[in-house]
Amino acid sequence: MDTTKKTIIVFSGDFDKVMAALIIANGAAAMGDDVTMFFTFWGLNAIRKPKKVKAKKSFLQGMFGTMMPRGVKKLGMSKMNFAGMGPWMMGKVMKAEGAMTLQQLLDAAVEQGVKLIACTMTMDLLGFKKEELLDGVEYGGVATYLGEADEANVNLFI
Amino acid sequence: MDTTKKTIIVFSGDFDKVMAALIIANGAAAMGDDVTMFFTFWGLNAIRKPKKVKAKKSFLQGMFGTMMPRGVKKLGMSKMNFAGMGPWMMGKVMKAEGAMTLQQLLDAAVEQGVKLIACTMTMDLLGFKKEELLDGVEYGGVATYLGEADEANVNLFI
Amino acid sequence: MDTTKKTIIVFSGDFDKVMAALIIANGAAAMGDDVTMFFTFWGLNAIRKPKKVKAKKSFLQGMFGTMMPRGVKKLGMSKMNFAGMGPWMMGKVMKAEGAMTLQQLLDAAVEQGVKLIACTMTMDLLGFKKEELLDGVEYGGVATYLGEADEANVNLFI
């Protein structure tokens, strides 16, 4: 068994949960582990490009696309969101404490070789096209995830 | 160590989270893995029979029972529920994309031999009786769960 | 591989999720397992002292501190909270069913030797000082968590 691999399913698109996922991923990568983050459902919002990208969608997929946040800078919190004040407050204390922003954590993960996989099945459902997601992201379904998880000794669902 | 077993605690009763759990369970079962889903707290709603079943309950348990959804067709979403519009929208895009419904995913899991265990402790709390839950469901507590998890190489809490 | 260790990240500060975490932790400890609970983000609320403790904080940290619940007796539910009625209802059915309260579950975990670790990074962000958290709690960051998780065969994120 490979004890140096970790997988994290990022189901949530909440600021705080994505932050937790990225901190664990970066920590494990810094300790020499292979890390795979599998973004599915609302978690896909964390790896969207910040700007709108034209893509062919059904009406409902277009609605999902418009209503959901584009990228880590737009995520809301799971608690104390206060109509968007929560992430601003959290950003303030993060800055004051010298903590990395979500964007910096995401960049660090990529630099450290954390593998980012977008769930193709939920992309189809929510109407996300590859050109809307960050460059360098890989693509896969549940079989891809299970293959990665079988090689890992820590598998989290966030 | 048995690398062909997976366990999923289905704590959430949200449409989207139950869907994720069922997709992982079906995927693993299709790849030949033993899969155990352990339904607890709100997750129990996913394995309720759709019709009301008479059962002796305390007043508060009756309230819980009445307010909570009966079965996968009645689950709300964790995000963008829009007073029930969310699951309808999701159902629409799932149909358009040819994805399986929650009911079909649940049926497939049963057909593939996924073991469904209802948490007896939370059943007692919320006042769920065996006759209210789907036929074929097994029953157990935390010791049952831990016994299953000890044999598995992937254990998720959803 | 040590099959007798379990870790649980308690990210959520919801009554029901903390309850699930404590039940699993107590169950595993009762079966002879080593158990580590790693409290981070809103989960830290579960291990706050019930009374206000004076501590030096920034304005925003003070706001976080004031708005967040102090200890297990003040936690809200993830579903059906009903402005605080939910935990009361749940407390009522728990009492009627002879179930342990959150406080009793927490005490039992400590008595059984479950290791409680507070995440120092989120403590810094949210402005929690050690004197505000329960006595006996240990402190650590993501490296501490990963060290524990590498020795465990079941790792959950709740």
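This is a predicted model, so every value here is computed, not measured. (Residues numbered from 1 in each chain as written. Chains lettered and ligands numbered in written order. Predicted model: local features only at pLDDT ≥ 70, side-chain atom pairs only at ≥ 80, totals over all residues.)

Along its length, chain A carries six helices and five strands. Shown N-terminal to C-terminal, the secondary structure of chain A runs as helices and strands in the order β-α-β-α-α-α-β-α-β-α-β. In summary, chain A has a C-alpha radius of gyration of 15 Å against a globular reference of 15 Å for 158 residues, a match within 12%. With the C-alpha coordinates of chain A rotated into their principal frame, the extents come out at 45 × 40 × 25 Å. Taking all contacts inside chain A whose residues are at least 6 apart in sequence as the whole, residues at least 24 apart take part in 75%. (Helix = DSSP H or I, 4+ residues; strand = E, 2+ residues; numbered from the N terminus. Rg over C-alpha atoms; globule rule 2.2 N^0.38 Å. Contact = placed C-beta atoms within 7 Å.)

Once that is clear, we can look at the environment of B:Asp33. Residues and elements named next belong to chain B. Counting through the fold element by element, Asp33 comes out in the loop between helix H1 (15-30) and strand S2 (34-39). Spatially, the C-alpha atoms of Asp33 and Lys5 are 5.3 Å apart, while their sequence positions differ by 28 residues. In contact with Asp33, other than residues within four places in its own chain, are Thr4, Lys5, Lys6 and Ala28.

Each partner contributes residues to the interface: chain B has 18 residues there, and chain C has 23 residues. For the side of chain B that touches chain C, the elements supplying multiple residues, two or more each, are helix H2 (59-67), helix H5 (120-126), helix H6 (142-150) and strand S5 (154-157) of chain B. It is H6(B) that provides the largest number of residues to the side of chain B that touches chain C, a total of five residues. Its residues assigned to classes, the side of chain B that touches chain C comprises twelve nonpolar, four polar and two charged. (Nonpolar A, V, L, I, M, F, W, Y, C, P; charged D, E, K, R; others polar.)

Residue and element names in this part refer to chain B. A sheet is described by the order of its strands in space; here five strands give the open sequence S4-S3-S2-S1-S5, paired in parallel fashion. In this open sheet, the two strands that pair with only one neighbour each are strand S4 (138-140) and S5. Shown here is a sheet whose adjacent strand axes are inclined to one another by a mean of 20 degrees, direction ignored. This element, H6, spans strand S1 (5-10), S2, strand S3 (115-119), S4 and S5 of the sheet and lies at about 145 degrees to S1. (Pairing = 2+ DSSP bridges. Axes fitted to C-alpha atoms, helices over the stretch in contact; angles between N-to-C directions.)

All names here are of chain C. Taking strand neighbours across the sheet as the criterion, the five strands line up as S4-S3-S2-S1-S5 in an open arrangement whose pairing is parallel. Unpaired on one side and paired on the other, strand S4 (138-140) and strand S5 (154-157) mark the two borders of the sheet. Each adjacent strand pair in this sheet contributes to an overall mean axis angle of 20 degrees, direction not counted.

Next up on the list: the relation of the copies chain B and chain C. With an axial shift of 0.0 Å and an RMSD of 0.0 Å, the rotation relating chain B to chain C amounts to 120 degrees. When the rotation and shift are considered jointly, the pair of chain copies conforms to a three-fold rotation axis. In this assembly the copies use different faces: only 11% of the residues contributing to the interface of chain B also contribute to that of chain C. (Least-squares fit on C-alpha atoms with pLDDT ≥ 70 in both.)

A separate point is the interface of chain A and chain B. Across the boundary between the two partners, chain A contributes 18 residues, which contact 23 residues of chain B. Listing elements by their share of the side of chain A that touches chain B, those giving two or more residues are helix H2 (59-67), helix H5 (120-126), helix H6 (142-150) and strand S5 (154-157) of chain A. Here the side of chain A that touches chain B gets five residues from one element, more than from any other, and that element is H6(A). Taken together, the residues that form the side of chain A that touches chain B break down as twelve nonpolar, four polar and two charged.

The next thing to look at is the relation of the copies chain A and chain B. Superposition of chain A onto chain B requires a rotation of 120 degrees combined with a translation of 0.0 Å along the rotation axis, giving an RMSD of 0.0 Å. Comparing interface residues between copies, only 11% of those in chain A also lie at the interface in chain B; the contact surfaces differ.

Side-chain direction in a regular strand flips from residue to residue, so the side chains alternate between the two faces of the sheet. All names here are of chain A. The alternating pattern of S5 places Val154 and Leu156 and Asn155 and Phe157 on opposite faces, both of which are buried. Where strand S1 (residues 5-10) lies against S5, four bridges are found, and the strand directions are parallel. Note on S5: the bridge partner recorded for Thr7 is Asn155. (Buried ≥ 20, exposed ≤ 12 C-beta atoms within 10 Å, placed from the backbone.)

All names here are of chain C. Looking at helix H4 (residues 102-111), one finds that the buried residues are Leu102, Leu106 and Ala109. Along the axis of H4, the buried residues cluster in a sector spanning 60 degrees; they form a single face. Against the buried residues of H4 lie helix H1 (15-30). (Arc of directions from axis to C-beta.)

All names here are of chain C. Their axes nearest at 9 Å, the elements H1 and H4 cross at an angle of 35 degrees. The handedness of the crossing between H1 and H4 is left-handed. Two secondary-structure elements touch here, H1 through Phe15, Val18, Met19, Leu22, Ile23, Ala25, Asn26 and Ala29 and H4 through Leu102, Leu105, Leu106, Ala108 and Ala109. Its residues assigned to classes, the contact of H1 with H4 comprises twelve nonpolar, one polar and no charged. (Left-handed = near helix turned anticlockwise from the far one by under 90°.)

The subject of this paragraph is helix H1 (residues 15-30) of chain A. In an α-helix there are 3.6 residues to a turn, and that puts residues three or four apart on one side. Between its terminal C-alpha atoms H1(A) stretches 22 Å, which fits the 22 Å expected from 16 residues at 1.5 Å a residue. Of all 16 residues that make up H1(A), 14 are buried, and the element is covered over most of its length. (Expected span 1.5 Å × (residues − 1).)

The next thing to look at is the environment of C:Glu138. All names here are of chain C. By secondary structure assignment, the location of Glu138 is in strand S4. A count of 11 C-beta atoms within 10 Å places Glu138 in the exposed class. On a C-alpha basis, the gap between Glu138 and Ile117 in space is 4.6 Å, while along the polypeptide they are 21 residues apart. The contact partners of Glu138, leaving out residues within four places of it in the chain, are Lys115, Leu116 and Ile117.

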